[in-house]
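# Structural description and commentary
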Amino acid sequence: MAITISQGLSGKYFSMGVPDMVCTIDGYRMGVKILISPDNKTWKEIYSEYLYPLDGSITLADLGSLLTPYARQMLVVDVQIQMTEEFADSTPTTTQQQTFSLVYCEADIPTTCEDWTTNHFLSLLLGTKLTAPGRLEYLHFIGTDTASCAATYTDGSTGTFTPAVIGGNSSYTTIDVSPDRFAAEGKTLATYTITAGSRRQQYDIDFRMPDCAPVLLFTNSFGCDELFYCTGLATKAPTFKRDSAYIGGLKKNYRIQETRTFKADTGPLNEDMADWFGEVMRSPYVRLVTFKNGRPNIGREIVIDDSKTEQTNALDEIPRFTFSYEYAQHNHNVVELEREGRIFDNTFDYTFN
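First, a word on scope: everything that follows refers to the structure included in this document. (Residues numbered from 1 in each chain as written. Predicted model: local features only at pLDDT ≥ 70, side-chain atom pairs only at ≥ 80, totals over all residues. Heavy atoms only, no water.)

We now examine the overall build of the chain. In terms of helices and strands, the chain carries five helices and 23 strands. Its C-alpha radius of gyration of 26 Å places the chain more than 25% over the 20 Å reference for a compact globule of 353 residues. With the principal axes as the frame, the chain shows a C-alpha extent of 80 × 80 × 40 Å. Relative to its 353 residues, the chain shows a buried fraction of 44%. As displayed, the chain has an accessible area near 18,200 Å², and 48% of this comes from carbon and sulfur atoms. Positive and negative charge centroids in the chain, built from 30 and 45 side chains respectively, lie 11 Å apart. (Helix = DSSP H or I, 4+ residues; strand = E, 2+ residues; numbered from the N terminus. Rg over C-alpha atoms; globule rule 2.2 N^0.38 Å. Buried < 20%, exposed > 50% of the residue type's maximum accessible area, 1.4 Å probe, protein only. Areas by Shrake-Rupley, 256 points an atom, 1.4 Å probe, with all protein chains shown as cover. Lys, Arg positive; Asp, Glu negative; His and termini not counted. Charge placed at Lys NZ, Arg CZ, Asp CG, Glu CD.)

Structure below.
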């Protein structure tokens, strides 16, 4: 007598796409333990329960809801399911085990996790990204492949570089692909392509080098940080709510509540970036980035409270979107030392380095 698994788990899955596991037993109940590990060495138990069969069958359903919060913390996590079949008599217990990997992802992607992570970076940007000198750009991918960069300059010459690894572990890698890293003396960078295994990401240079306000650092659907640079008109529109009363014969504002609302415009986008912009709007964690003397500073968390993200298929329409945001914190009387007198984020001098 043994546990029979009719639908098992193995390989690699996205956290929101874990299929059900189905098994049959001859015993009267089955003990189930679920353990997780970020390195397949140290295991932590997160679930332990006895399950009872219906017509001899037991289904472990909706495992993604249980496991996604752990995958969110670790990005990639190994999962082990231990099953122990128990009998009402003296029949010895039997055991089975299933082990698989989980990659955090909140998106519905119509391919397997193995296929996506082999052929794509951890981003929903599926085409060319527009960037400019002075900007920061990062890429994340599953695995430890050595990345390379093929750069092309306006005079037709080319160059090859190795992007710097700035983060990650044995499961994933983060590389710095900022355009300044691929500059060549006396030449103007036009475009460059990052390759890591079968993954490819192309960047085109925006020769207008527009001022950027705001610059947003947001968490994408894979739990990784990405940067978005808004190049359109930026507006600051604070509002004040005052509660007043006569105190000692004089009218006093005894409470003044400030709400500092900012309005932003993405500026013109290509079709690939227009589709990708939805990641900013659905992100649960967005922060402002400011620059001082060329150094980035991760600023305060914001909440996006209104947006216009309508797209059409008109051939003569250039996609661009507007949205408004405010500080996530209660106190909106915020002093930004990095601004150096500027009304908006201090990115101008850095962008034009």
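Further remarks concern the sheet that holds strand β6 (residues 57-60). Spatial strand order, β1-β3-β6: three strands in an open sheet with antiparallel pairing. The sheet terminates laterally at β1 (4-7) and β6, the two strands that pair on one side only. For this sheet the average axis-to-axis angle between neighbouring strands, irrespective of direction, equals 25 degrees. Across four bridges, the pairing between strand β3 (residues 21-24) and β6 is antiparallel. Residue pairing across strands places Val22 opposite Thr59, the latter belonging to β6. (Pairing = 2+ DSSP bridges. Axes fitted to C-alpha atoms, helices over the stretch in contact; angles between N-to-C directions.)

Right, let's talk about the nonpolar core for a bit. The nonpolar side chains of soluble globular proteins are, as a tendency, buried together. If you look at the biggest cluster of nonpolar residues, it comprises 25 residues, and the most contacted ones within it are Leu67, Val79, Ile81, Phe100 and Leu102. Ignoring sequence-local partners within four residues, the contact set of Ile81 consists of Leu9, Met21, Val32, Lys33, Ile34, Leu60, Leu63, Gln96, Gln97, Gln98 and Phe100. Membership of the second largest hydrophobic core comes to 21 residues, among which are Leu216, Ala274, Leu288 and Tyr325. (Core = buried A, V, L, I, M, F, W, Y, C linked by side-chain atoms within 4.5 Å. Contact = heavy atoms within 4.5 Å.)

Right, let's get into the sheet that holds strand β19 (residues 235-247). Read across the sheet, seven strands follow the order β18-β17-β21-β22-β23-β20-β19 without closing on themselves; strand pairing throughout is antiparallel. Two strands in the sheet have a free side with no partner beyond their single neighbour: β18 (225-229) and β19. The sheet shows a mean angle of 35 degrees between the axes of neighbouring strands, taken without regard to direction. Here five bridges tie strand β17 (residues 215-219) to β18, and the two strands are oriented antiparallel to one another. Each residue of the ladder has a partner; that of Val215, found in β18, is Tyr229.

Turning our attention to the packing of aromatic side chains. The description of an aromatic ring pair rests on the distance of the ring centres and on the angle between the ring planes. A complete count under the given rule lists 16 aromatic pairs for this structure. With 5.8 Å between their ring centres and 55 degrees between their planes, Phe218 and Trp276 make a pair best called tilted. Of this pair, Phe218 sits in strand β17 while Trp276 sits in helix α3 (residues 271-276); the two residues are 58 residues apart in sequence, bridging distant segments of the chain. For the pair Phe218 and Trp276, one class covers both residues: buried. (Phe/Tyr/Trp six-rings, centres within 6.5 Å; stacked < 30°, edge-to-face > 60°.)

Let's shift gears to a nonpolar patch on the surface. Residues Tyr28, Tyr50 and Tyr52 make up a contiguous nonpolar surface patch of roughly 330 Å² in combined accessible area. When you line up the elements, Tyr52 lands in the loop between β5 (44-51) and β6. (Patch = residues over 30% accessible without salt bridge, like charges linked within 9 Å, V, L, I, M, F, W, Y side chains within 5 Å. Salt bridge = Lys/Arg side-chain N within 4 Å of Asp/Glu carboxyl O.)

Bringing the pattern of salt bridges into the picture now. Inspection of every chain in the model, using the stated rule, returns 11 salt bridges. With a closest N to O distance of 2.9 Å, Arg255 and Asp243 form a salt bridge. Of this pair, Arg255 sits in strand β20 (residues 250-265) while Asp243 sits in strand β19, and the two are 12 residues apart along the sequence.

For the rest of this paragraph, the subject is the pairing of strand β7 (residues 76-86). Here β7 lies mainly inside the structure; nine of its 11 residues are buried. One ladder, built from nine bridges, connects strand β4 (residues 29-37) with β7; its direction is antiparallel. Its bridge partner lying in β7, Ile34 is registered against Ile81. When β7 meets strand β8 (residues 94-103), the two strands line up antiparallel, connected through 10 bridges. From the neighbouring strand, Ile81 faces β8, where its bridge partner is Gln98.

Another point: the environment of Pro284. Of note, Pro284 is situated in the loop between α4 (278-282) and β21 (286-292). Here the alpha-carbon distance between Pro284 and Arg200, two residues 84 residues apart in the chain, equals 27 Å. Residues contacting Pro284, with those up to four places away along its chain left out, are Thr219 and Glu301.

Considering all chains together, one arrives at four cavities of 30 Å³ or more under this definition. Roughly 90 Å³ of volume is contained in the second largest cavity. Considering the residues around the second largest cavity, the lining is formed by Leu130, Thr131, Arg135, Asp206, Arg208, Tyr229, Thr231, Thr266, Pro268, Leu269 and Met273. (1 Å grid on protein atoms, 1.4 Å probe; cavity = no way out; pocket = protein on both sides within 12 Å on 5 of 7 lines; lining within 4 Å. Points joined across faces, edges and corners; volume = space filled by probe spheres on them.)

Taken together, the side chains of Glu271, Asp272, Asp275, Glu310 and Glu317 make up a negatively charged region of the molecular surface. Mapping Asp275 onto the fold places it in helix α3. Its relative accessible area of 54% is what places Asp275 among the exposed residues.

On to the environment of Gly197. The topology assignment puts Gly197 in the loop between β15 (189-196) and β16 (199-205). The exposure class of Gly197 is exposed, given its relative accessible area of 52%. Between the C-alpha atoms of Gly197 and Asp145, which are 52 residues apart in sequence, the distance is 6.1 Å.

All we've got here are geometric facts, nothing functional implied.
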